[in-house]
2 protein chains.
Amino acid sequence: MARVLTAREIGFCFGVKRAVSLCEETLRRHGACFSIGPVIHNERVMENLTARGLKIVREMPDGRTPALVRSHGLHPEKLRALSKSGREVVDATCPFVSRVQKLVTRLRRQGYRVLIIGEPDHPEVKALAGFAGNSALICPAGRSAARRWAAVNFRTPPAKRVAVVSQTTSTEPVYRETLAALLKAGLPGETRIFDTVCRVTEKRQAEALELAGKTDLLLVVGSRKSANTRNLYRLVRKRKPAAYFISGPEEVRDDWCRPNLTVGLVSGTSTPVETIKEIKKKIERT
Amino acid sequence: MARVLTAREIGFCFGVKRAVSLCEETLRRHGACFSIGPVIHNERVMENLTARGLKIVREMPDGRTPALVRSHGLHPEKLRALSKSGREVVDATCPFVSRVQKLVTRLRRQGYRVLIIGEPDHPEVKALAGFAGNSALICPAGRSAARRWAAVNFRTPPAKRVAVVSQTTSTEPVYRETLAALLKAGLPGETRIFDTVCRVTEKRQAEALELAGKTDLLLVVGSRKSANTRNLYRLVRKRKPAAYFISGPEEVRDDWCRPNLTVGLVSGTSTPVETIKEIKKKIERT
């Protein structure tokens, strides 16, 4: 029987747990609920919620069905439209993400041009850019991407005062590398840098690297749509060649179930603990 | 006759001109004046001023002889002691340096730990560290120096909120490079970066590089004790092998005075324009 070492920080993180609970509670109360985009980036969880009455939409339809703001947050204009509509609005924005939204709102009011380092198409970044105002800049993470971006956007200093934040699910080393590349390319009169990388994400990353050293192979469990799971995988992959990204027990391979094999299990923040348990059982059983 | 191209920004900068004038005026009024350390970093100018009654001291002696605060500024504790002594205090701190002193005082009050990038033994940096409070950090400029410094000082984050400023006479590329190295090494929760590199210094640097492209050889005129002159020389030296550091006309070499040779003249901010004129004359005469 293979031995499975499970990370201490595993399954839903605080923000995801809260979002899924709020969604379930709303569905219990109303039997139906709308969300612009998936509440969290996990297909299994979303299937379960849609089966219970959740409807994922692109634009909010008219009516009185409650609207849920997903964990990544929502653009402030869409938020305003929702609250004007008279329907119940359940705000499931992750409290850590809310904190960054409040931070950029304050910075924008103080006259800073906000620069967000993250994936321009990620819902968290899109919503955050809304709070940061129309002049917000979005720079992709990573040294070479930032260098290319800066060559176009830093030709002249983008503003006298610039404030930089990160997508919460980035990794600190990547954020730092990106910042270093940006600073080499240009420097406004005043630059303010905030470390807004989520500590939960960081803890999982640290634990994953620790587990990588103790195990024969390491499985990163989660959805390919989840940025934090992808980042987690990218990070461990650099240190451990025997690392695999899987989304559920059906992807467990027979050769991972050999006796005397030590298998590490880590997960992204939107992976339910049930998936982890099923994977563990499958590896240990055979 | 060799052709001499003189930089437009040459001779004393605004702050140095002001400091020397204030010193001369004080000497005219009182016949004597004390200064802790040389008023500016130029031996010729200092000889001239001491001949007229200026005394350079390490510690201020008792008495009523006026005290002059040199262009680099003075540690706030020494400033307080001076103003308590009852003697006349002539503050010749460069207004651009004063501005940085005020900035770090404000930042310290706002709870930031101040990090100064510069030469730890330079009087501007020492005085600035005084205004920044007892917890101020001083990191030497340059990528590898900063990396070594950070390896010791950034083992744990030095504070939750750090504000970074530069010695005014640094160069922007060096400051940026240093910042990039520091950011790669560590990142406090909030970092504030201020571009406090003096524009006058920067303009001279830009002009020196421009002149380097147009001339056969480039002479950087100033004292070896002057940080900004040394930086200017270091910068042009990288681009132009035929660049030389000289302090006065006596160091002009015969082979620089050949006909059809184009010689560029640039200077640090504490070099009097008279020295430039003498050098120009000597090169053109022969």
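Residues numbered from 1 in each chain as written. Chains lettered and ligands numbered in written order. Predicted model: local features only at pLDDT ≥ 70, side-chain atom pairs only at ≥ 80, totals over all residues. Heavy atoms only, no water.

K.L.:
What am I meant to see in the packing of aromatic side chains here?
P.N.:
All told, the structure shown has eight aromatic pairs over all chains when counted by the stated rule. Between the aromatic rings of F14(B) and F96(B), the centroid separation amounts to 6.0 Å while the plane-to-plane angle is 65 degrees, which identifies the pairing as edge-to-face. On the criterion of sequence distance, the pair formed by F14(B) in helix α1 (residues 14-30) and F96(B) in helix α4 (residues 95-109) is long-range, its members being 82 residues apart. Over the ring of Y112(A) we find R161(A), and its NZ or CZ is 4.2 Å from the ring centre. (Phe/Tyr/Trp six-rings, centres within 6.5 Å; stacked < 30°, edge-to-face > 60°. Helix = DSSP H or I, 4+ residues; strand = E, 2+ residues; numbered from the N terminus. Lys NZ or Arg CZ within 6 Å of the ring centre and 35° of its normal.)

K.L.:
Help me understand the nonpolar core in this model?
P.N.:
It is characteristic of soluble globular proteins that their nonpolar side chains tend to be buried jointly. L115(A), L182(A), L115(B) and L182(B) are the most contacted members of the largest nonpolar core, which has 36 residues in total. The residues contacting L115(B), other than those within four sequence positions of it, are L137(B), C139(B), W149(B), F154(B), V162(B), A163(B), V164(B), V165(B) and L182(B). (Core = buried A, V, L, I, M, F, W, Y, C linked by side-chain atoms within 4.5 Å. Buried < 20%, exposed > 50% of the residue type's maximum accessible area, 1.4 Å probe, protein only. Contact = heavy atoms within 4.5 Å.)

K.L.:
Looking at this structure, I do not really get the domain arrangement of chain A. What am I missing?
P.N.:
Interfaces are often sized by the accessible area lost when the parts come together. Residues and elements named next belong to chain A. Taken domain by domain, chain A comprises domain 1 (3-11 + 199-285), domain 2 (14-93) and domain 3 (96-193). In this structure, domain 1 and domain 2 have C-alpha centres spaced 29 Å apart. The interface of domain 1 with domain 2 comprises 13 residues on the first partner and seven residues on the second. Regarding the contact of domain 1 and domain 2, the summed buried area is about 760 Å², with carbon and sulfur atoms giving 47% of it. Among the residues domain 1 hides against domain 2, the three largest losses belong to S223, K225 and S270. Together they make up 51% of the total. There are two salt bridges connecting domain 1 and domain 2. Between R44 and E250 there is a salt bridge, with its nearest N and O atoms 3.5 Å apart. If you look at where domain 1 meets domain 2, you find five residue pairs in polar contact (both at pLDDT 80 or more). (Domains from an automatic or database assignment. Buried area = accessible area lost by both parts, 1.4 Å probe. Salt bridge = Lys/Arg side-chain N within 4 Å of Asp/Glu carboxyl O. Polar contact = N/O pair within 3.5 Å; in protein donor to acceptor, adjacent residues only side chain to side chain.)

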